[in-house]
Amino acid sequence: MSEIFEGYERQYCELSANLSRKCTSILALHGEEKKHKLSELKTGLDEAESLIRRMDLEARSLPPTQKATLLAKLREYKSDLNNLKRESKKVSSAQDPVASRNELMEAGMADHLMSGHDERNRLLMSTETLNQSGERIKESKRTLLETEELGVSILQDLHIQRQTLRHAQSTLHGVDDNIGKSRRILNSMGHRLARNKWILGSIISVLAMAIVLVTYVKLKS
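Positions within a chain are numbered from 1, following the residues in the order the chain's sequence is written. This being a predicted model, a pLDDT of at least 70 is required before a residue's local features are given, and a value of 80 or more before pairs of side-chain atoms are given or counted; all residues contribute to the totals for chains, interfaces and linings. Only hydrogens and water are removed before side-chain values are computed, so all heavy atoms of the structure are retained for them.

The name given to the protein in an unreviewed UniProt entry is t-SNARE coiled-coil homology domain-containing protein, with the source organism recorded as Sphagnum jensenii. UniProt positions are given in the numbering used here, feature names are shortened, and annotations may be inferred rather than shown by experiment. UniProt annotates the protein under Subcellular location (unreviewed entry) with the comment "Membrane". Taken directly from UniProt, the Sequence similarities (unreviewed entry) text for the protein runs: "Belongs to the VTI1 family."

Okay, structure coming up:
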């Protein structure tokens, strides 16, 4: 989660609790003291609204995975601020402190305060859930990085194997060329051997004819 958002969140929670206490304490006041407290209450509500706007801007500047959860959480803070504004209006419009207190009690102020307490508890639980989600996201990132490193290692191994196959292919081409040369040499030697046999046969035939002729001449003489 964004540290800036967390800082605004802590300020808002503290301010919200303080404003809620002021709303309750104003019921017992009257005159100038009440006006002074109402002025402080209005200033606090303006500051709370400013913090809400800052949290909204910070949440919208974050990546989508974080933005969605923070905006959902921010909606709860906006609801809490609206409740404080309504409570402030009731306190401001009250004339008689005792009558105002009775009217607020009849309208369910106690239930509202309890609801606000429950809502803050839900906000705290949401914060814990977001922290746990952040840890899971960090773990997922670590797993993704490890997977990426493994993928890079596999690609490097495949590249080395590809280079080895190319070298072997080049060697095979060289062997094929040598075999072709050897085949041509053998064919040439075969042609020469056949020609030599033909020449040798011719010489033998001539010699045989010469021997026969010489023998015939000697016998006739």
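Chemist: Just to check I follow, could you spell out the pattern of salt bridges for this structure?
Modeler: Pairing of side chains with opposite charge becomes possible as their charged atoms draw close. For this document, the term salt bridge refers to a Lys or Arg side-chain nitrogen within 4 Å of an Asp or Glu carboxyl oxygen. Overall, the coordinates contain nine salt bridges when judged by the stated rule. Among the ionic pairs, E40 bridges to K37, the shortest N-O distance being 3.8 Å. Linking E40 with K37, this pair stays in helix 2 (residues 31–60), spanning three residues, or about one helical turn. Within the structure, one salt-bridge network assembled from shared partners comprises K22, K37 and E40. Helix numbers and strand numbers start at the N terminus; a helix is a DSSP run of H or I with at least 4 residues, a strand a run of E with at least 2.

Chemist: Please clarify how helix 1 (residues 3–26) should be interpreted in this entry.
Modeler: The α-helix winds at 3.6 residues per turn, so residues separated by three or four positions along the chain end up facing the same way. What a helix should span is 1.5 Å times the count of its residues minus one. With 24 residues, helix 1 extends 35 Å from end C-alpha to end C-alpha; this agrees with the ideal 34 Å at 1.5 Å per step. All buried positions along helix 1 are accounted for by F5, G7, E9, Y12, L15, S16, L19, S20, K22, C23 and I26. A distance of 3.3 Å separates the backbone nitrogen of I4 from a side-chain oxygen at the start of helix 1, and that oxygen is part of S2. Think of it in three bands: residues with accessible area under 20% of the maximum for their type are buried, residues over 50% are exposed, and the middle band is partly exposed, with areas taken using a 1.4 Å probe on protein chains only. Here a polar contact is taken to be a pair of N or O atoms separated by no more than 3.5 Å, where protein atoms must pair a possible hydrogen donor with a possible acceptor and residues adjacent in sequence count only if both atoms sit in side chains.

Chemist: What is the right way to read the nonpolar core from this model?
Modeler: Across soluble globular proteins, nonpolar side chains have a tendency to be buried as a group. Y12, L19, L41, I52, M55 and Y77 are the most contacted members of the largest nonpolar core, which totals 25 residues. Elements supplying a minimum of two residues to this core: helix 1, helix 2, helix 3 (64–93) and helix 5 (109–220). When residues in this core are grouped by element, the largest group, eight residues, is from helix 2. Leave out the neighbours within four places in its chain, and M55 touches F5, Y8, E9, Y12, L74 and Y77. Among buried residues, the Ala, Val, Leu, Ile, Met, Phe, Trp, Tyr and Cys ones that are joined through side-chain atoms within 4.5 Å form a nonpolar core. Contacts: residue pairs with any heavy atoms within 4.5 Å of one another.

Chemist: Where do I start with the side chain of S88 in this structure?
Modeler: In this fold, S88 is placed in helix 3. We classify S88 as buried; its relative accessible area is 9%. Discounting chain neighbours no more than four positions away, the residues touching S88 are C23, L41 and L45.

Chemist: In this structure, what is going on with helix 3? I would like to understand it.
Modeler: Taking 1.5 Å as the rise per residue, helix 3 with 30 residues should run 44 Å; its terminal C-alpha atoms sit 43 Å apart, in good agreement. For helix 3, the full list of buried residues reads L70, L71, K73, L74, Y77, D80, L81, N83, L84, E87, S88 and V91.

Chemist: Would you mind showing me how to read the packing of helix 2 against helix 3 here?
Modeler: Packed helix pairs are specified by the crossing angle of their axes together with the interaxial distance, meaning the distance between the axes. It is at 10 Å that the axes of helix 2 and helix 3 come closest, and there the two elements cross at 165°. With respect to helix 3, the axis of helix 2 lies roughly antiparallel. When the axes of helix 2 and helix 3 are compared, the crossing they make is left-handed. Contacts from K34, L38, L41, L45, A48, E49, I52, M55, D56, A59 and R60 of helix 2 reach helix 3 at K67, L70, L71, L74, Y77, K78, L81, L84, K85, S88, V91 and S92. Here the nonpolar group is Ala, Val, Leu, Ile, Met, Phe, Trp, Tyr, Cys and Pro; Asp, Glu, Lys and Arg are the charged ones; every other residue, Gly included, is treated as polar. Tallied by class, residues from the contact of helix 2 with helix 3 come to 14 nonpolar, two polar and seven charged. Axis definition: a line fitted to C-alpha atoms, over the contacting stretch in the case of helices. Angles run 0 to 180 degrees between N-to-C directions. In this scheme, roughly parallel covers angles under 35 degrees and roughly antiparallel covers those over 145, while 65 to 115 is roughly perpendicular and the rest are oblique. The handedness criterion is simple: a crossing whose near helix is rotated anticlockwise from the far helix by less than a right angle is left-handed, and one whose near helix is rotated clockwise is right-handed.

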